[in-house]
There are 2 protein chains.
Amino acid sequence: MEELGKGIIEPEKQMKQDESGIRRVAAIVIEKVYPEINGGTFAAKCIAGDKFFVWADIFKDGHNIIRGSLRYRRKKSTAWKETPMRLLENDRWEGFFIPKENVRYLYTIEAWIDPLRSWIQDAKKKCLANLKLEDADLLEGLKWVKALEPKVKKRDKESLKKYFQQMELSQGAPEEILRIVEEPVFQKLVESYPVKQETTRYHRTLELIVDRKRAEFSAWYEFFPRSQGKRKQVSSTFKQCIQRLPDIKKMGFNVIYLPPIHPIGTTNRKGPNNTLTADKRSPGSPWAIGSFEGGHKSVHPDLGAIEDFENFVQAANDYGIEVAIDFAIQCSPDHPYVKQHPDWFYHLPDGSMRYAENPPKKYEDIYPIDFHCKDEIALWKELRSIILFWIEKGVKIFRVDNPHTKPLPFWEWLIDNVQTKFPEVLFLSEAFTRPKVMRYLAKAGFTQSYTYFTWRNSKWELQTYLEELTQSEMKEYFRPNFWANTPDILPRILQVGGKPAFKMRYVLAATLASNCGIYSGYEFCENVPLRENSEEYLNSEKYEIKVRDWNAPGNIKDFIARVNRIRSQNPALHHFKNIRFCHSHNDNILCYAKKTEDNSNIIVVVVNLDPFRVHEDTVSLPIWDFGLEHWQTYQVRDLLTGEKYYWKGSSNYVRLDPRNEPAHIFELRK
Amino acid sequence: MEELGKGIIEPEKQMKQDESGIRRVAAIVIEKVYPEINGGTFAAKCIAGDKFFVWADIFKDGHNIIRGSLRYRRKKSTAWKETPMRLLENDRWEGFFIPKENVRYLYTIEAWIDPLRSWIQDAKKKCLANLKLEDADLLEGLKWVKALEPKVKKRDKESLKKYFQQMELSQGAPEEILRIVEEPVFQKLVESYPVKQETTRYHRTLELIVDRKRAEFSAWYEFFPRSQGKRKQVSSTFKQCIQRLPDIKKMGFNVIYLPPIHPIGTTNRKGPNNTLTADKRSPGSPWAIGSFEGGHKSVHPDLGAIEDFENFVQAANDYGIEVAIDFAIQCSPDHPYVKQHPDWFYHLPDGSMRYAENPPKKYEDIYPIDFHCKDEIALWKELRSIILFWIEKGVKIFRVDNPHTKPLPFWEWLIDNVQTKFPEVLFLSEAFTRPKVMRYLAKAGFTQSYTYFTWRNSKWELQTYLEELTQSEMKEYFRPNFWANTPDILPRILQVGGKPAFKMRYVLAATLASNCGIYSGYEFCENVPLRENSEEYLNSEKYEIKVRDWNAPGNIKDFIARVNRIRSQNPALHHFKNIRFCHSHNDNILCYAKKTEDNSNIIVVVVNLDPFRVHEDTVSLPIWDFGLEHWQTYQVRDLLTGEKYYWKGSSNYVRLDPRNEPAHIFELRK
């Protein structure tokens, strides 16, 4: 009985029934909390130091004035902090806090009735109708002002006393009451020392993953460490990879992602262009992990020793570049696990081990893992130990291969488990599967996700896809990483569009999203497919060692470097949710703006999506959002070329010739 | 350990952690279940005998074929029934069941992997690529076909055996395997006897309130029982009310709603037009409930005895009309509760009892109840006993006065409690408050709700409001009742628009919604407001006894009767969610269609929203939805006038003169 309306109603008591069947439900309704992923099953995500906004519908029967606050704390702490929410309109409330640490946080909402404000509200209405407050009514008000007494700090005691006496003396005269309740000092007292009645807590405590900035802002460069040398068919080493770092640094990348670096199986090894018979010189696919030389915790001997890898990581870090490695859970038939733990794999009714397949395709060089085998706990722990092993070697980013073919609960467990100890570790999900599965992987904990960007080409496709990523609930948990190409995907636009297409697609990847990547070769506009209508590369590096001239003529290294420099220097491009598309008439002209909250950095990108033809258009900017009036002239400076234009009003002319630059990246200056 | 992947994973085990910290999460993801009101906190609503549809996203890692089923049962039963769901697209599944009884139901979802179907899917791909199945692969298929053996009914045993043998003999030859798996009889076996693996239940069991049809389809007529006589300033009796039934029946109403029928207090009784001083002949407001003659369980002596009320209810029922009474939780100062339970009321600091107010308005003739007083359990039970008392007297519908000023948890408790024993009882929520509070009342259990219809006049207002009611989640729990007027609300359109406005607004109320109502006087186009810019009636019946000539010239009783007859005779108008707006160019022409699922009844309503002027237009019907081709001629018959037109294609001409009829209600015949 006692808890109803008296003091804080703890959530667990809200739903209890007493013997009479009367349900003890919260006095104040708190619902439609956002973000709240899958009813609180999953965590939202944000970046340490950024504002994290929370909304909720908060209301109650009757006309009392209610107030709400957002409560939050580090998950490992016990002390809640509190920040007031504000009423937007129509019972919708908003609040935010700034989580400063790269750890997991919790947040929830509290609401209460403020009887003093409620009294003031009613008294004002009466006074404005020139009605004298009755004695009992005035006594009520005095009671609530008195209730502030034990709360107020010393410096406010005097003024509180003064107002109390003035109210007492007023005898309920409307003009006097009005004068008091409208005095700023009085209002400040009411604001600073809320009287709380029927305090209600939201019945869920929600989780927030607070990542470091690299989770949201990164530029990835993928290379095969064995292909960084100069001798045909000879694997390069991590030592040689270190020589490549200045070049990659110069292009402006801050993450290097390496396909699997482990020993490669020989049984059923794939030959060039994914043929079934490999000759002795075929190096095999790095994804056919494991040989007599070791498994997931070993380095391919051709690349060097573990120490060489550690040195490479250190050298990269010295350049401000992080190294991401691949986590591909599968084993070649020669992997030590196959002999040590045959029960971790699938078996056919005839007792043979089942290799991977995606009918009618067969992958005889790898065995998938049976995550639900009898020995699953030992298996899951061993898989976790692989991650922990590489963390110890200095790796903080894992690109996970095909996570959608492994149990979703496994990722949920693994990522939470690893990040609890190492919150700085990031996981990138390589999944190009059904949209709901991709989303679920992000909910399950992946820090970043591959996307469909690689296949989105038209203005309509790009715009609707970006709106889905940045304006739906997805933005709270799914961080897109836009890859312009990968070793598996040479999209058609790059096959046919030549250098203008490579430049255009990199501008899109780098400015539409705040995480982007290319696979090496992109800077040389490599564009020969395995065959017509294939997205595979001819002579794919997956099955061969490649030798490249890193300064081959016709490369776009300088262009990429410029884009990446622009990205680094403009905070508006460090976020992905702040995108706003601008109207243009021409279906080949895509225009969008990104800006910082305070308008100190405003970037407008205009891209010609057609790599073959010149296009011109007028584009319409939301200048009122930029703090500009329709009559004002402002400068837009193309950060790619340095050219300046003076624009006026919302609509202005653009012309893009793909033979020059396929895009403008304008900085708008008032 | 054992439960993972073996047999049914019960929801409560899904979230458990074992000692290694590995979370036991469902093998198959079931999310975005719809309807699921506030994460399952509240029940959805439907009508007994109607299809109840449920949707969910269901998916899993990997490529296995999964299946889903919708499980449901009466809440009081224990045996679940199951009906298969079907995949729509993109991992979205749909299922439905038909709850036949007017009780509460539960529903949830189950999903599983079908290993036989998964094998068939892969085998087909291999066979189509003309690959022979390997022995181990064939053995795998045979294993799953064998798994059907214990499941199949006797009549299917032979064919199962036949296919098993044929598969065995095939030696994996692709053409033979293809032939078998594509045979309809084989497919039927696979369909009828699913092999289930990793069966997963959705972790929530959701509730469904199954109401009787009157909850969705009703026409209400509100009258003051004291005003049904012929003598000025003399209350009529329930006996006299019985005389009024044929007239109301003829107009086609099936619910009569009576404002409070209880004794009325004399202390601070309100006089005519809500004046503060009542003379001796003032009958008082029926909402000032309670006097020395009794309270909420008594009948006003001027109306007769309880038995007279019971006779009135019986007489109405004989005409197919139900009687709804008002449940207004407040007391006049003379109510017996005030003396017996002074602690149930609010007190001011000076000890005086607090009357109701909505500052600066005062209602000195009533005291509100303090629902959270110390004696709250006894209070809540007493309030429930009022409902039970009137149920015993034959009342099955309660119109609840101002529910939004009483605690929301009270309604949740009361309605569930009453309907568990008396599921046929309906509650109408009279709340014109903030939208989220109105919605919450419906979630808390109210069967029907007053709406903002009374103030929605323009085409844009009506269309957007109806779309909100019928195309958002609201439709699953909020059943609108469209009142054209109430004793409190004489909307401006009726004050100025004359008879055409009264006709037009009734057509809208009766055909936009499937529950509608008028307050008596409407049929005589009574339209004099208390003063300019007031929505109150002059000489409001709330404070006076009215005498009317029930056949006064200029009435629209025949028109109302026609609309109500059309409504009864056309099943398309018995629902509210099936509305579809049709394009028209003229902002004064509103056009919408309603149809039965099987197209056997198609109604097209065209309304001239301007009561002053003739309007004409072409309206565009979605004829393809009606099963018509663009070249087909079809008949539309105006059910109001009997006139027939022959229309062709989507766009056709209409002209509406408010001096004749302000609307067409067309029946479309092919």
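Values in this document were obtained by computation on a predicted structure and should not be read as measured data.

Caption draft 1: Region of interest: the overall build of chain A. A count of helical and extended segments in chain A gives 15 helices and 30 strands. In terms of its C-alpha atoms, chain A occupies a principal-axis envelope of roughly 105 × 70 × 45 Å. By the burial criterion, 60% of the 670 residues in chain A qualify as buried. Partitioning the contacts of chain A with sequence separation of at least 6, the portion at a separation of at least 24 is 74%.

Caption draft 2: Spotlight on the relation of the copies chain A and chain B. You can overlay chain A on chain B at an RMSD of 0.1 Å; the transform is a turn of 180° with a shift of 0.0 Å along its axis. Put plainly, the chains are arranged around a two-fold axis. Among all residues of chain A, the minimum C-alpha distance to the rotation axis is found for Gly39 of chain A, at 3.3 Å.

Caption draft 3: Inspection of unusual backbone geometry at higher detail. The linkage connecting Tyr34 of chain A with the following residue, Pro35 of chain A, adopts the cis geometry, with an omega of -5°. Following the sequence through the fold, Pro35 of chain A ends up in the loop between strand 1 (29–34) and strand 2 (44–47). The backbone of Asn90 of chain A shows a phi angle near 55°, a positive value even though the residue is not glycine. Of the residues examined, Asn90 of chain A reaches a relative accessible area of 41% and is grouped as partly exposed. Here Gln233 of chain B, not a glycine, exhibits a phi torsion of approximately 60°, which is positive. Summarising the element assignment, Gln233 of chain B is placed in the loop between strand 11 (218–222) and helix 7 (238–251). On the basis of relative accessibility, which here comes to 48%, the residue Gln233 of chain B falls in the partly exposed class.

Caption draft 4: Structural context of helix 2 (residues 115–128) of chain A. Residue and element names in this part refer to chain A. Here helix 2 contains 14 residues, and its C-alpha end-to-end distance of 20 Å stays within 8% of the 20 Å for a straight helix at 1.5 Å per residue. If you check which residues of helix 2 are buried, you get Pro115, Leu116, Arg117, Ser118, Trp119, Ile120, Ala123, Lys126 and Cys127. Its side-chain oxygen at 3.1 Å from the backbone nitrogen of Leu116, Asp114 defines the N-terminal cap of helix 2. Residue Asn130 follows helix 2 closely and has a positive phi angle near 60°.

Caption draft 5: Focus on the packing of aromatic side chains. All names here are of chain A. Scanning all chains against the criterion turns up 90 aromatic pairs over all chains. For the pair Phe53 and Phe96, a centre-to-centre distance of 5.1 Å together with 45° between the ring planes defines the contact as tilted. Linking Phe53 in strand 3 (residues 52–59) with Phe96 in strand 7 (residues 92–97), this pair joins segments that are 43 residues apart in sequence. When its relative accessible area of 25% is taken as the criterion, Phe53 is described as partly exposed. A relative accessible area of 32% places Phe96 in the partly exposed class. With a centroid separation of 6.1 Å and an interplanar angle of 75°, the aromatic rings of Phe224 and Trp287 are classed as edge-to-face. Taken together, the residues Phe224 in the loop between strand 11 (218–222) and helix 7 (238–251) and Trp287 in the loop between strand 12 (255–258) and helix 8 (306–318) connect sequence positions 63 residues apart.

Caption draft 6: Seen up close, helix 12 (residues 435–443) of chain A. Of all nine residues that make up helix 12 of chain A, eight are buried, and the element is covered over most of its length. Once helix 12 of chain A ends, the next one or two residues include Gly445 of chain A, with phi positive near 140°.

Caption draft 7: The arrangement of the sheet that holds strand 26 (residues 644–648) of chain B in detail. Residue and element names in this part refer to chain B. Spatial ordering of the open sheet is given by 26-25-28-23-22-21-24-27, a layout of eight strands whose pairing is antiparallel. The outermost strands of the open sheet, each flanked by one partner alone, are strand 26 and strand 27 (651–656). Neighbour-to-neighbour, the strand axes of the sheet open up by a mean angle of 35°, direction not taken into account. In this sheet, strand 28 (residues 663–669) lies alongside strand 23 (residues 602–608) in antiparallel orientation, the contact comprising five bridges. Residue Ile603 lies in a different strand from strand 28, and its bridge partner there is Glu667. Those strands touched by helix 13 (residues 459–471) are strand 21 (580–584) and strand 22 (589–595), and its axis lies near 155° from that of strand 21. Against the sheet, helix 14 (residues 492–512) makes contact with strand 21, strand 22, strand 23 and strand 28, and its axis sits at roughly 30° relative to strand 22, the strand it touches most.

Cut-off values and rules
Residues numbered from 1 in each chain as written. Chains lettered and ligands numbered in written order. Predicted model: local features only at pLDDT ≥ 70, side-chain atom pairs only at ≥ 80, totals over all residues. Heavy atoms only, no water. Helix = DSSP H or I, 4+ residues; strand = E, 2+ residues; numbered from the N terminus. Buried < 20%, exposed > 50% of the residue type's maximum accessible area, 1.4 Å probe, protein only. Contact = heavy atoms within 4.5 Å. Least-squares fit on C-alpha atoms with pLDDT ≥ 70 in both. Expected span 1.5 Å × (residues − 1). Polar contact = N/O pair within 3.5 Å; in protein donor to acceptor, adjacent residues only side chain to side chain. Phe/Tyr/Trp six-rings, centres within 6.5 Å; stacked < 30°, edge-to-face > 60°. Pairing = 2+ DSSP bridges. Axes fitted to C-alpha atoms, helices over the stretch in contact; angles between N-to-C directions.

Any link to function would need more than the numbers given here.
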